[in-house]
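The chain contents come next:
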Amino acid sequence: MTLTLRSSISFIIQKETKFLKTFDDVSSTLTFAKIKPSFRLKAKSSMQIAHTFKSDEKWEQVHAPSIVHSNHDNSKKVPVFVMLPLDTVTMGGNLNKPRAMNASLMALKSAGVEGVMVDVWWGLVEKDGPFKYNWEAYAELVQMVQLHGLKLQVVMSFHQCGGNVGDSCSVPLPPWVMEEISKNPDIVYTDRSGRRNPEYISLGCDSVPVLKGRTPLQVYADYMRSFRDRFSDYLGSVISEIQVGMGPCGELRYPSYPESNGTWRFPGIGEFQCYDKYMKASLAAAAEAIGKKEWGGGGPHDSGQYNQFPEDTGFFRKDGTWNSEYGQFFLEWYSGKLLEHGDRILVSAKEIFQTSGVKLSGKVAGIHWHYRSRSHAAELTAGYYNTRHNDGYLPIAKMFANHDVVFNFTCMEMKDREQPGHANCSPEGLVHQVKKATKMANIELAGENALERYDSGGYAQVLSTSMSDSGSGLAAFTYLRMNKKLFEGDNWRHLVDFVRNMSEGGRRQRLPDSDSRGSDIYVGHIEKTKEQKQEGEAILV
């Protein structure tokens with residue numbers, strides 16, 4: 001259902017009550033309580049509007065504050081997007097709480113947000129069988145986003161949702177794929193102890209027809225091609241970016257630190273994921289090719305377990321095997337396989353979307369723990385050959401550059417001093433290295449926050465990272481994530497402040513008590529409601 005707005009988003013201070021009506025077969029009415037306009041209220045917390053809708057099944061409520069954003073200087077503007085909930089589309093293939101979504105999009109637009117990001121789950125779209133795609137819920141979302149004048153970043157999510165940081169719901173791989181996994185468990189990543197990980201198909205079988213006669217690469221290409229054909233009218237306009245999933249959590253990496261069932265906990269070093277039969281065969285062939293057959297039997301025997309520290313292991317310790325001839329061979333093979341995987345998928349994506357007008361992006365994980373150690377153990381197990389002696393991010397940036405792909409990176413909100421000392425973290429050092437790599441490769445860098453943050457300190461760190469006079473700032477930033485908490489009190493004010501700062505090159509440090517930029521909405525706090533109207537009304541709180 002699409003809720004069509006008949007009035008301006010600047011409706012809040014109007015003297016007369018406004019009515020917003022749908023134009024489909026279900027009639028809904030929103031009534032906003034009357035308030036007197038005032039431009040003198042202090043901006044102690046944001047205005048909140050609780051939109052309450054009554055549907056056939058249940059009530060939906062969303063807190064949707066509103067603030068007009070005005071930008072007079074786009075010279076250093078960094079557009080801000082907001083990630084939508086992971087369960088934006090339900091397992092039943094329907095848009096989740098469409099009226100609440102509509103009100104939330106309206107609020108985000110009024111805050112000056114450029115657009116939103118959504119995961120387009122393989123496990124939902126191709127759930128009913130090979131080539132049986134169901135895009136309808138996403139089509140409804142695209143139309144709703146268009147209605148509000150927003151842009152949409154779409155993630156081709158070929159991974160499982162569930163079991164990792166921030167996962168609030170479960171979306172497994174398509175049932176027919178899970179059937180193939182049960183028949184041939186080696187098509188998913190496997191660690192040294194034989195633990196299988198169903199988050200993502202192992203890159204070891206990229207070119208093997210293990211999915212009912214198709215290779216994983218063919219399946220991904222067919223999926224992207226179907227998406228392109230279904231949404232051709234929106235590509236390059238409403239849909240501005242396609243982020244191509246290339247691994248767990250959509251990131252180009254191995255699932256080296258799985259949180260499910262307590263397997264891994266921060267700040268463990270993780271484990272190498274190269275023990276399915278396809279990866280083992282590749283390693284054996286690589287070793288034999290250089291005349292070192294004995295190196296091809298498996299990964300390092302002394303690399304430890306998920307929750308150990310570098311110095312607990314023979315491989316990752318300060319003077320460990322990672323820096324030996326064998327270690328270099330293994331790490332080059334392991335990281336090289338990951339680069340090849342990303343390259344192959346991006347070749348398909350570029351061919352499929354090259355005339356559509358959308359940007360392509362790829363996501364790389366911000367693995368900042370043990371960054372200060374010589375071996376950078378946690379990065380190595382994830383597939384990033386980044387050590388004191390080797391730059392692991394420049395090869396990725398160059399590979400992305402070959403396909404005109406935006407380098408999307410996380411942990412932009414983190415400061416070194418906020419991290420526990422024993423974890424040897426340096427998110428700031430890592431971000432600096434990645435910025436340098438993308439500048440050398442001459443590609444755009446976009447950012448995300450790794451964890452939920454609502455405080456001004458987290459936003460200030462992103463703002464600092466986004467600004468650069470040397471050409472290595474951020475091309476865009478996507479905030480994780482839209483939920484009820486985002487629209488509450490100071491959380492909302494901080495977001496609005498952040499969006500405005502990003503649009504004005506960081507020159508503004510805080511929101512004014514009143515908006516003097518010519519808009520007709522003030523930033524303030526309504527301490528109490530005037531009155532609660534009849535059932536089905538929206539209430540200012």
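Keep in mind the model is a prediction, meaning the values are calculated, not measured. Here the residue numbering is sequential within each chain, running from 1 through the sequence in written order. With pLDDT at 70 or above as the cut-off, local features in this predicted model cover only qualifying residues; side-chain atom pairs require 80 or more to be listed or tallied, and sums for whole chains, interfaces and linings still use all residues. Hydrogens and water molecules were not included; the side-chain quantities draw on all heavy atoms of the structure.

(A) Spotlight on the nonpolar core. Formed by 143 residues in total, the largest nonpolar core has its most connected members in Trp-122, Ile-239 and Phe-400. Helical segments are the DSSP runs of H or I of at least four residues, strand segments are the runs of E of at least two, and each set is numbered from the N terminus. With twelve residues, helix H7 (residues 325–353) is the single largest residue contributor to this core. Apart from the residues within four sequence positions on either side, Ile-239 is in contact with Val-142, Leu-152, Val-154, Phe-227, Phe-231, Tyr-234 and Val-358. In this description, a nonpolar core means a group of buried Ala, Val, Leu, Ile, Met, Phe, Trp, Tyr and Cys residues linked to one another through side-chain atoms lying within 4.5 Å. For each residue, the accessible area found with a 1.4 Å probe, counting protein chains only, is set against the maximum for its type, and the residue is called buried under 20%, exposed over 50%, and partly exposed in between. Whether two residues touch is decided by their heavy atoms; if any such pair falls within 4.5 Å, the residues are in contact.

(B) The arrangement of the environment of Phe-309 in detail. Assignment of secondary structure puts Phe-309 in the loop between helix H6 (277–289) and H7. The class of Phe-309 is partly exposed, set by a relative accessible area of 26%. Considering only alpha carbons, one finds Phe-309 and Gly-268, 41 residues apart in sequence, at a separation of 6.1 Å. Look past the residues within four positions of Phe-309 in its chain and what remains in contact with it is Pro-267, Ile-269, His-370 and His-422.

(C) Representation of the side chain of Asn-491 in the model. Considering the arrangement of structural elements, one finds Asn-491 in helix H12 (residues 489–503). Residue class for Asn-491 comes out buried when judged on its relative accessible area of 16%. Polar side-chain contacts of Asn-491 include one of 3.0 Å to the backbone oxygen of Lys-485. Polar contacts, as used here, are pairs of N or O atoms within 3.5 Å; protein pairs need one atom able to donate a hydrogen and one able to accept it. Residues neighboring in sequence count only if both atoms are side-chain atoms.

(D) Region of the structure containing the UniProt feature "binding site: substrate" (unreviewed entry) in the protein chain. When the UniProt feature table is mapped onto this chain, "binding site: substrate" (unreviewed entry) is found at Asp-119, His-159, Asp-167, Lys-363, His-368, Thr-410, Asn-449, Ala-450 and Arg-481. Assignment of secondary structure puts Asp-119 in strand S6 (residues 115–121). We classify Asp-119 as buried; its relative accessible area is 15%. Look past the residues within four positions of Asp-119 in its chain and what remains in contact with it is Leu-86, Tyr-138, Val-155, Ser-157, His-159 and Arg-481. Checked against the element boundaries, Lys-363 lands in strand S11 (residues 359–364). Setting aside residues no more than four positions away along its own chain, Lys-363 makes contact with Gln-243, Met-246, Cys-249, Gly-250, Glu-251, Leu-252, Asn-408, Thr-410 and Glu-448. UniProt positions are given in the numbering used here, feature names are shortened, and annotations may be inferred rather than shown by experiment.

(E) Region of the structure containing unusual backbone geometry. Of the consecutive residues Phe-266 and Pro-267, the connecting peptide bond is found in the cis state with omega at 0°. By the element assignment, Pro-267 lies in the loop between strand S10 (239–244) and H6. Residue Arg-481 is bonded to the preceding Leu-480 through a cis peptide linkage, with omega at -5°. With respect to the secondary-structure elements, Arg-481 resides in the loop between strand S14 (476–479) and H12. Its identity as a non-glycine residue notwithstanding, Cys-249 has a phi of 60°, on the positive side. One can find Cys-249 in the loop between S10 and H6. Under the relative-accessibility criterion, Cys-249 is labelled partly exposed at 26%. Of note in this structure, His-376 is not a glycine but carries a positive phi near 55°. Turning to its location among the elements, His-376 is positioned in the loop between S11 and helix H8 (377–382). Here His-376 falls in the buried class, since its relative accessible area comes to 6%.

(F) Up close: helix H3 (residues 136–147). Residue count minus one, scaled by 1.5 Å, sets the expected span of a helix. Over its twelve residues, H3 runs 17 Å from end to end, which matches the ideal 16 Å to within 8%, given 1.5 Å per residue. All buried positions along H3 are accounted for by Ala-137, Tyr-138, Ala-139, Glu-140, Leu-141, Val-142, Met-144 and Val-145. In this structure, the buried residues of H3 make contact with helix H1 (98–110), S6, helix H2 (122–125), strand S7 (151–157), helix H5 (216–230) and S10. Of the residues one or two after H3, Gly-149 is the one with positive phi, at around 70°.

(G) Up close: the packing of aromatic side chains. When two rings of Phe, Tyr or Trp (its six-membered ring) have centres within 6.5 Å they constitute a pair, described as stacked for plane angles under 30 degrees, edge-to-face for angles over 60, and tilted for the intermediate range. In total, this model carries 37 aromatic pairs according to the counting rule given. Pairing Phe-330 with Trp-333 gives two aromatic rings, centres 5.8 Å apart and planes at 45°, and the pair type is tilted. With Phe-330 and Trp-333 both in helix H7, this residue pair falls three residues apart, about one helical turn. Classification of Phe-330 as buried rests on a relative accessible area of 0%. Residue classification places Trp-333 among the buried positions, given a relative accessible area of 9%. A ring pair is formed by Phe-400 and Phe-407, whose centres lie 5.4 Å apart and whose planes are at 55°; its orientation type is tilted. Phe-407 matches Phe-400 in its accessibility class, with the two residues each being buried. Through successive ring pairs, a cluster of aromatic residues spans Tyr-189, Tyr-254, Phe-272, Trp-295, Phe-315, Phe-316, Tyr-326, Phe-329, Phe-330, Trp-333 and Tyr-334. Charge over a ring is defined by NZ of Lys or CZ of Arg lying within 6 Å of the ring centre and within 35 degrees of the ring normal. The side chain of Arg-214 reaches across the aromatic face of Phe-131, ending 3.9 Å from its centre. Above the plane of the ring of Phe-231 lies Arg-230, whose end atom (NZ or CZ) is 5.3 Å from the centre.

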